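Survey of secondary and tertiary structure
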Number of protein chains: 2
Amino acid sequence: MSEHHNQQPDANLLSLNTATVRQQWTLDKIIDGCARHDIRGISPWRDQTHALGVKEAARRIRAHQLTVTGYCRGGMFPGATAQQRRHNDDDNRRAVDEALELNAQCLVLVVGGLPEGSKDLRQARGQVRDGLATMLEYSRSVSMPLAIEPLHPMYAADRACVNTLEQANDLCDELGDDGLGIAVDLYHTWWDAKFAQQVERAGKSRLLAFHICDWLASTQDLLLDRGMMGDGVIDIRGARRTVEEQGYRGFHEVEIFSAKNWWLRDPDEVLETCKQRHLACC
Amino acid sequence: MSEHHNQQPDANLLSLNTATVRQQWTLDKIIDGCARHDIRGISPWRDQTHALGVKEAARRIRAHQLTVTGYCRGGMFPGATAQQRRHNDDDNRRAVDEALELNAQCLVLVVGGLPEGSKDLRQARGQVRDGLATMLEYSRSVSMPLAIEPLHPMYAADRACVNTLEQANDLCDELGDDGLGIAVDLYHTWWDAKFAQQVERAGKSRLLAFHICDWLASTQDLLLDRGMMGDGVIDIRGARRTVEEQGYRGFHEVEIFSAKNWWLRDPDEVLETCKQRHLACC
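Below or above, wherever it landed, is the structure these notes cover. (Residues numbered from 1 in each chain as written. Chains lettered and ligands numbered in written order. Predicted model: local features only at pLDDT ≥ 70, side-chain atom pairs only at ≥ 80, totals over all residues. Heavy atoms only, no water.)

For chain A, the helix and strand inventory stands at ten helices and nine strands. Over its C-alpha atoms chain A spans a radius of gyration of 18 Å, differing by no more than 12% from the 19 Å that the globule rule assigns to 282 residues. The 282 residues of chain A split such that 59% are buried. Looking at chain A alone, contacts between residues at least 24 apart form 79% of all its contacts between residues at least 6 apart. Between the centroid of the 33 positive side chains of chain A and the centroid of its 41 negative side chains there is a distance of 2 Å. (Helix = DSSP H or I, 4+ residues; strand = E, 2+ residues; numbered from the N terminus. Rg over C-alpha atoms; globule rule 2.2 N^0.38 Å. Buried < 20%, exposed > 50% of the residue type's maximum accessible area, 1.4 Å probe, protein only. Contact = heavy atoms within 4.5 Å. Lys, Arg positive; Asp, Glu negative; His and termini not counted. Charge placed at Lys NZ, Arg CZ, Asp CG, Glu CD.)

Here we come to the environment of Cys72(A). All names here are of chain A. Checked against the element boundaries, Cys 72 lands in strand β4 (residues 71-75). Of the residues examined, Cys 72 reaches a relative accessible area of 3% and is grouped as buried. Along the sequence, Cys 72 and Gln 83 sit eleven residues apart, while their C-alpha atoms lie 24 Å from each other. Those residues in contact with Cys 72, other than ones at most four positions away along the chain, are Asn 17, Ser 43, Pro 44, Trp 45 and Arg 46.

A few words on the interface of chain A and chain B. Across the contact, 31 residues belong to chain A and 31 residues belong to chain B. Interface of chain A and chain B: buried area, both sides summed, is about 2,300 Å²; carbon and sulfur atoms make up 66% of it. Considering only the surface of chain A that becomes buried against chain B, Lys119(A), Trp191(A) and Leu222(A) emerge as the three largest contributors, covering 26% of it. Joining chain A to chain B, the criterion identifies two salt bridges. Here Glu166(A) ties to Lys194(B) by a salt bridge, and the two come within 3.0 Å at their closest N and O atoms. Put simply, chain A and chain B have six residue pairs in polar contact (both at pLDDT 80 or more) between them. (Buried area = accessible area lost by both parts, 1.4 Å probe. Salt bridge = Lys/Arg side-chain N within 4 Å of Asp/Glu carboxyl O. Polar contact = N/O pair within 3.5 Å; in protein donor to acceptor, adjacent residues only side chain to side chain.)

A few words on the pairing of strand β7 (residues 180-185) of chain B. Residue and element names in this part refer to chain B. Counting buried residues in β7 gives six out of six residues, a clear majority hidden from the surface. Following the chain from strand β6 (residues 146-148) across helix α6 (residues 165-175) to the adjacent parallel β7, one finds a crossover that is right-handed. Here four bridges tie β7 to strand β8 (residues 207-212), and the two strands are oriented parallel to one another. Within β8, the residue paired with Val 184 across the bridge is Phe 210. (Right-handed = clockwise from strand over helix to strand, strands pointing away. Pairing = 2+ DSSP bridges.)

Going through the model one piece at a time under the given rule, you end up with eleven aromatic pairs over all chains. Considering the side-chain rings of Phe257(A) and Trp263(A), the 6.2 Å spacing of their centres and the 65° angle between planes classify their relative orientation as edge-to-face. Where Trp45(B) meets Phe257(B), the ring centres are 6.0 Å apart and the plane angle is 70°; that geometry is what we call edge-to-face. A residue pair is termed long-range when its members are at least 10 positions apart, and Trp45(B) in the loop between β2 (41-43) and α2 (46-52) and Phe257(B) in the loop between β9 (252-254) and α10 (267-281) qualify at 212 residues. With respect to burial, Trp45(B) and Phe257(B) carry one shared label: buried. An aromatic cluster of at least three residues, connected via ring pairs, comprises Trp45(A), Phe257(A) and Trp263(A). (Phe/Tyr/Trp six-rings, centres within 6.5 Å; stacked < 30°, edge-to-face > 60°.)

Most of α6(B) is tucked away: eight of the eleven residues are buried. Within α6(B), burial applies to Leu165(B), Glu166(B), Gln167(B), Ala168(B), Asn169(B), Leu171(B), Cys172(B) and Leu175(B). Each element contacted by the buried residues of α6(B) is listed here: α6 (165-175) of chain A together with α5 (121-141), β6, β7, α7 (186-189) and α8 (195-206) of chain B. Looking one or two residues past α6(B), Gly176(B) carries a phi angle of roughly 95°, positive in sign.

What follows concerns the side chain of Thr18(A). Residues and elements named next belong to chain A. In this structure, Thr 18 sits in the loop between β1 (14-17) and α1 (27-36). Using a relative accessible area of 0% as the deciding quantity, one classes Thr 18 as buried. Setting aside chain neighbours within four positions, we find Thr 18 in contact with Leu 27, Ile 30, Ile 42, Ser 43, Pro 44, Trp 45 and Gln 48.

Another point: helix α4 (residues 82-101) of chain A. Residue and element names in this part refer to chain A. Along its 20 residues, α4 runs 29 Å from first to last C-alpha, staying within 8% of the 28 Å computed at 1.5 Å per residue. Along α4, the residues classified as buried are Asn 88, Asn 92, Ala 95, Val 96, Glu 98 and Ala 99. Looking down the long axis of α4, one finds its buried residues gathered within 160° of arc, a one-sided arrangement. Opposite the buried face of α4, at more than 90 degrees from it, the exposed residues are Gln 83 and Arg 86. Where α4 is buried, its residues touch α2 (46-52), α3 (54-63), β4, β5 (107-110), α5 (121-141) and β6 (146-148). (Expected span 1.5 Å × (residues − 1). Arc of directions from axis to C-beta.)

Each copy superposes on the other: chain A lies on chain B with an RMSD of 0.0 Å after a rotation of 180° and an axial shift of 0.0 Å. On the angle and the small slide along the axis, the relation comes out as a two-fold axis. Comparing interface residues between copies, 100% of those in chain A also lie at the interface in chain B; the contact surface is shared. (Least-squares fit on C-alpha atoms with pLDDT ≥ 70 in both.)

Moving on to the sheet that holds strand β8 (residues 207-212) of chain A. All names here are of chain A. Read across the sheet, nine strands follow the order β3-β2-β1-β9-β8-β7-β6-β5-β4 without closing on themselves; strand pairing throughout is parallel. Sheet topology places β3 (67-68) and β4 at the edges, where each strand pairs with a single neighbour. On the sheet, helix α8 (residues 195-206) packs against β7 (180-185) and β8 and is oriented at approximately 130° with respect to β8. Each of β8 and β9 (252-254) is contacted by helix α9 (residues 236-245), which is oriented at about 175° to β8, the strand it contacts most. (Axes fitted to C-alpha atoms, helices over the stretch in contact; angles between N-to-C directions.)

All names here are of chain A. One pass over the structure, following the stated rule, counts 46 salt bridges over all chains. Taking the shortest distance from any N to any O, the salt bridge between Asp 91 and Arg 46 comes out at 3.0 Å. Highlighted residues: Asp 91 in helix α4 and Arg 46 in helix α2, separated in sequence by 45 residues. Of the residues examined, Asp 91 reaches a relative accessible area of 27% and is grouped as partly exposed. Owing to a relative accessible area of 10%, Arg 46 belongs among the buried residues under this scheme. Asp 91 serves as the salt-bridge partner of Arg 94, at 3.2 Å between the closest nitrogen and oxygen. Linking Arg 94 with Asp 91, this pair stays in helix α4, spanning three residues, or about one helical turn. Accessibility expressed as a relative area gives 41% for Arg 94, which makes it partly exposed. A single network of salt bridges, built from pairs that share partners, joins Asp 170, Asp 173, Asp 177, Arg 201 and Arg 206.

Below, the structure written as structure tokens:
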């Protein structure tokens, strides 16, 4: 373990996933807030860019010279009918176009869970593979990298049936590395005994994004009770060391859904806290 | 796939984990309830046997000729200090003695999560391995099988840092198969893309218990919102086929924590529903 890796992170590598203050601010205010707090990266969600207008969002982000570290999100491939899956394919193509407009470093994929009424995870995972293969034909043609984000197993039914880094690596193996990689979100993957092994297997070329927050020891809600870095049990600095040992030098994107704590606070305080905790705990 | 495996399960293989009606009935009433409803297996918890007295519990279970399909529970190996871990070791030895008194088929192990104040999962997992090795010296000498129960990754911090069948298999490889195996609980493992592969790896000799309930698509609570078989998204019959293909012929143990639904109902209705759903959905 080198000396370097016990050091604080580069403050310039902090990025804000806009979900972190989405209850308090609209996207235009979030963009201004990042600039005001000297947070140099941003990762907006589609509902927010649609509300502001994708071109206008891109213009404002460019004006502040923020890096778009990811665009949230594409995916949601499975569907109960072929028509539904074609609809998903079309929507994913639009997501790629928007990511290009925003000059995003990657489009993040939450792959989707079981179709309505289904109990067949294997089938859903097959639909993910097929939908992703279709999407890659387009995203590769326009050079927009796709980042598969494994979601915590507690979301296997309703959000994503890709639940481990190993599954994401398997998909990259099967579909090819060109324009395809992984978003490593610690909230979803911190528990995994194979975390280090699968980050190593991914290697620098597949590590497209690194998302941080914390797992609260007494989590109260499956979706909206994520913790600020340092308030929970994740060894964030150790995980950063693990991805950096593979050569990752990208941003550290804070993404906190927190209905009863951080979403109720002054968003300027939230951003300031993100900056402090990034240096202290990441 | 043989014809056999699409058939209903043997009603005589239903077992009741006593947590399923723990809010309504004390253990003596649960034992009588199982007998009255002709449920032939039971799996009691330590707090319940302590309240009734272990010898008295054993006597009543014997009187009704119920099979004790597992005893809940040993484990909780990690500790912040050596003294705490020795305390855990002593308690586990007592749990083995109680399981013997009850003539349990196995002692189920929930291995424990992070010690207070720790963020070091690797260390906790090492303490699990060491504590289990110590426990095996005794359990093997008295021939009480220990069943490692991988818990869902959402419990990695506070209940169990063994979160996949693969980890449990790895522990069996490392510590030896004699008197050591796995409790496969579908609530904890249904999401796992390696479920079938790791059940196959376990094989008949390691498959010591099979626990069933359902994962509700809109789960409201991390601990106390398990579903009755058929009300959720788990392909329970398919999973039973998977364990039976390895030669498993043991009980199917229903374990439902449900603060806002099943724990509020008439326990006779709960047991009757377990019987019906066992035949219809498992």
